[in-house]
Every structure is written in C-alpha cells, then in structure tokens.
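Residue-level structure breakdown
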Amino acid sequence: MSLHGSSATSGYWYSERGVESADSIELLNELRRYRESNARMRSKVRQDMGMGEKDLLALRLLLSAQAQGRVIRQRELAQSLSIQPASASALVDRLIKDGYAERAPHPDDRRSIAVKPTALASEDVRHTLVDMHARMLNVADSMTPKERGVVTRFLRDLNHAIDQHPDDPESPAQSYVEMREHARESVEVQ
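Being a predicted model, the structure only gives us computed values, none of them experimental.

1. So, the pairing of strand β3 (residues 113-117)
Pairing of strand β1 (residues 72-73) with β3, which is carried by two bridges, proceeds in the antiparallel orientation. By the bridge assignment for β3, I72 is matched with V115. Here five bridges tie strand β2 (residues 101-105) to β3, and the two strands are oriented antiparallel to one another. Note that in β3 the partner of P105 across the bridge is I113.

Written as structure tokens, this is what we have:
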C-alpha cells in the first residue's frame, strides 16, 4: 500500500508521529480493520442465530468454560458480562428458551445453580463458525513458528497496554513524548 493518499497508512490519530512510523501505523490500521471485520462477522453470527450481543458473549463464555471443564454460576456470568444479576437472569432465560443453555445444580456447591451450554449450542455455534474458523486457522498455519511467536507477543503486549489505566501503579508513567525520546535514544545508541 502506498503511504501517499492511502487511508491504510494515514494514521490520522497518530499525526504527531513521523513518517518513520508508517509501518507501525499500517500495522495498527490493519489491526483496526481486523476488529471491524470481526465485528461484522459477530453481527452476522448474531443475526444467523437470532441472538443479541450479550447473549452470544454469554454463550461463548459458557462453551469456553465447558471446554476447560469449568462450570459457571449465573452471578459469574453477570460479572463477566458487566451486567446486573437481573439482566443475567433474563439472558439465561432467553438462552434456555432457545435451547442453548440449561440450569443445573452446581457440582461443587449444592446451594448454587450452574448454567451450562447444551449440545444444540455447541452444534449451532460450530456449524455457524466452522468455515470462518477454518479460514482463520489456515492463515495462522501459513506462518512460520517464529512469525506466530512474534504476532502472539505483539497481540499479548498490545492487549496489556490497552488494559492498563494511566492511574494504575504498574502502568508506565511516561508521557508519549518521553517514550518517543527514549526510543530515539535507544536507536542512536545502537
């Protein structure tokens, strides 16, 4: 892609950075486009399955927990989705009505109720996503182990940077200008 006149590398929100950062900006723009593609895909899945955003997220959490051998309580679902317990109850009721979940006694705490995905939930999600997941896995498989390691580290570090809050004591206290100066000094030293 061309740096001149291309929105791919325009990086308009990174305007204080120089042209030397074009590759970094293009990388972040590709990541943004991935997020947009992912949002479109999730919208299509929700539409195909007749579900809302939180319902699909809840189903994903339930299926993930099941794959890990864990059982989720309704209140844990509410916390994970950042919704009120009453909303979680209504959400679980919808999933049960549609045949995607069931309530059962929690295996470790008889006073608690577990929410479990049904076989229909697993089957419908797999059927809806199998082609897309295969294409994504093909892209990952086409990379060398070293390339996958670099991308994995980048995404892990990026997630950590996004999750950090400026008031967090573990968050870097440096301003953007300080970080840029430090980066320039590191390059000049080498």
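2. Section: the sheet that holds β1
Judged by pairing direction, the sheet is antiparallel, and its three strands sit side by side in the order β1-β3-β2 without closing on themselves. Taken across any chain shown, the strands that pair with only one partner, and hence form the sheet edges, are β1 and β2. Contacts from helix α2 (residues 53-67) reach β1, β2 and β3 within the one sheet, and its direction differs from that of β3 by about 95°.

3. Some points on the pattern of salt bridges
Under the defined criterion, the tally for this structure stands at 13 salt bridges. For the salt bridge of D109 with R73, the shortest nitrogen-to-oxygen distance reads 3.7 Å. Placement of D109 in the loop between β2 and β3 and of R73 in strand β1 is noted, with a sequence separation of 36 residues between them. You can call D109 buried: its relative accessible area is 17%. Here R73 falls in the buried class, since its relative accessible area comes to 16%. Between R153 and D157 there is a salt bridge; the shortest N-O distance is 3.9 Å. Within this pair, R153 and its partner D157 are both found in helix α6 (residues 145-163), separated by four residues, close to a single helical turn.

Rules used in this analysis
Residues numbered from 1 in each chain as written. Predicted model: local features only at pLDDT ≥ 70, side-chain atom pairs only at ≥ 80, totals over all residues. Heavy atoms only, no water. Pairing = 2+ DSSP bridges. Helix = DSSP H or I, 4+ residues; strand = E, 2+ residues; numbered from the N terminus. Contact = heavy atoms within 4.5 Å. Axes fitted to C-alpha atoms, helices over the stretch in contact; angles between N-to-C directions. Salt bridge = Lys/Arg side-chain N within 4 Å of Asp/Glu carboxyl O. Buried < 20%, exposed > 50% of the residue type's maximum accessible area, 1.4 Å probe, protein only.

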